Amino acid sequence: MRRRILRAVVVAVVCAVLLFAVPLAVATLRLYRQDEVRELQQLADRVAVTVPADVHHPRDPMELPRVEAGTWLGVYDEGARLVTGAGPARGDGPVREALAGRAASRLQGDRLVAAVPVGSGERVRAVVRAGAPADGPLRRAALTWAGMLALAALVVGVGAVLGIRSSRRLAHPLEALAATAVLLESGDLAARAAASGLPEADEVAVALNRAAERIGGLLRRERAFSADASHQLRTALTRARLELESALATEQGGAGPHPPGPTGADVPAAPHDAMRAALEALAGMETTLDDLLALARDLPEQAPLDVAGLLAEAERRWHGELAAVGRPLRVVVEEQLPEAVGSARAARQVLDVLLANALAHGSGTVTVTAREAAGVLAVDVEDEGPGPPEGEDVFARRRGAGGADDGDVGGGDGGHGIGLALARSLAEAEGGRLMLSRRAPHPRFTWLVAGGGDGPAL
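Presented here is a report on the structure given in the accompanying data block. (Residues numbered from 1 in each chain as written. Predicted model: local features only at pLDDT ≥ 70, side-chain atom pairs only at ≥ 80, totals over all residues. Heavy atoms only, no water.)

**Comments concerning the sheet that holds strand β11 (residues 433–438)**
Strand order across the open sheet formed by five strands is β7-β9-β10-β12-β11, with mixed pairing between neighbours. A strand with exactly one partner marks an edge of an open sheet, and here the two such strands are β7 (329–333) and β11. Neighbour to neighbour, the strand axes of the sheet diverge by 20° on average, direction disregarded. Of the strand pairs in this sheet, β7 and strand β9 (residues 366–373) are connected by five bridges, and their pairing is parallel. The residue bridging Val333 from the neighbouring strand is Ala370, located in β9. Packed onto the sheet, helix α6 (residues 307–324) meets β7, β9 and β10 (376–382) and runs at close to 170° relative to β7. Most of the contacts of helix α7 (residues 344–361) go to strand β12 (residues 444–449), to which it runs at about 175°, and overall it touches β7, β9, β10, β11 and β12. (Pairing = 2+ DSSP bridges. Helix = DSSP H or I, 4+ residues; strand = E, 2+ residues; numbered from the N terminus. Axes fitted to C-alpha atoms, helices over the stretch in contact; angles between N-to-C directions. Contact = heavy atoms within 4.5 Å.)

**Quick notes on the side chain of Ser343**
Relative to the helices and strands, Ser343 is located in the loop between β8 (341–342) and α7. Among the polar contacts listed, one links the side chain of Ser343 to the backbone nitrogen of Arg345, at a separation of 3.3 Å. (Polar contact = N/O pair within 3.5 Å; in protein donor to acceptor, adjacent residues only side chain to side chain.)

**A few points about the packing of helix α1 (residues 2–48) against helix α3 (residues 135–185)**
One way to put it is that α1 packs onto α3 with a least axis distance of 8 Å and a crossing angle of 165°. Taken together, the axes of α1 and α3 lie roughly antiparallel to each other. Between α1 and α3 lies a crossing of right-handed hand. Partitioning the contact of α1 with α3 into residue classes produces 24 nonpolar, five polar and seven charged. (Parallel < 35°, antiparallel > 145°, perpendicular 65-115°, else oblique. Left-handed = near helix turned anticlockwise from the far one by under 90°. Nonpolar A, V, L, I, M, F, W, Y, C, P; charged D, E, K, R; others polar.)

This is the structure in structure tokens:
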């Protein structure tokens, strides 16, 4: 990653240098050639003003100035013949153009040549020709090109240094994201990507952290499912086992006292009735299992809740068990209840946990009330028992003797255990709250159900 970024930066800098330096190098060579031609023309002009009227007069010989080595300076007559100085014996193209009355300059072979006419008007009596090696400007340009090359190397070096810093700055956040992803892949769901200051990478980090939190939550719910399912299914399994054991004991022992049922009361032991009750318990267990699986895997629902219908179902499920131990069940639904949203599955489980808790640890009449409380729907479940001891956290998860969950029918030491903890987690997952609103006497659990979009926050 870093090498690719560095390579891209260096290539971009080199291309920019080439696009700037190549035209500049060509322009520099042309400038030096123009300077050389201009100097030759100026030299020829200075000599032209000293040329006598008769270049062949023996009493008025011409004296040419000294010039640099390699520079030719010559005077030609009207016939393009060399009179004095250095140059070809017969005038070349620039000399002939100058004899026509106009100054000329060009590259002639391996030399730069400038020719200036001497005379006025239409009569040209002589031509001054100056020439210098054509590689002179090239040598001067080469020195300039060497400086430009050194400067270009410096620019490329600076670009490489900046490219290294940029590659580190760009690659480090991505490498950190990759490292975080590897940790998440290895099972470390507590790994989180830190902010780097690079907006694009930070957006990816935020999305990755959200995904990690989401996955962690799902895995925690999946891992808690076995314990929650154990608690919720234990009552149904115990009921089915005792019904079948009761039927078996009746068949083997004949008439006699009926063995106690799961709630402590004598139950009919007719085989068909026992099997029917066991099948009903198993059907309820299957429904509970489906509900818990859906709640463990799905997102919280925001569908409207039919609280009256849910309470009617709960009354049908629990009326018989409470009546079997001589305990009435009263359901009170007030009018004009606030709107409530959530999952019907979660609502059933919360109600079942609260009613099972009242059956196992309470006494007297169990009253379920749906009412309005400060703009939200509240469901109260209370009984006439003494309530939990002062200072006990009834929502804490704990296990009883022998590994049984406290609060399960047929196990534990009378505590409340995992069931209430499950009910609270389900209520909070749906946006509501579950609390022990009155500890003693006559303990009351209050479930505040999440309201619609315009309802007050819980």
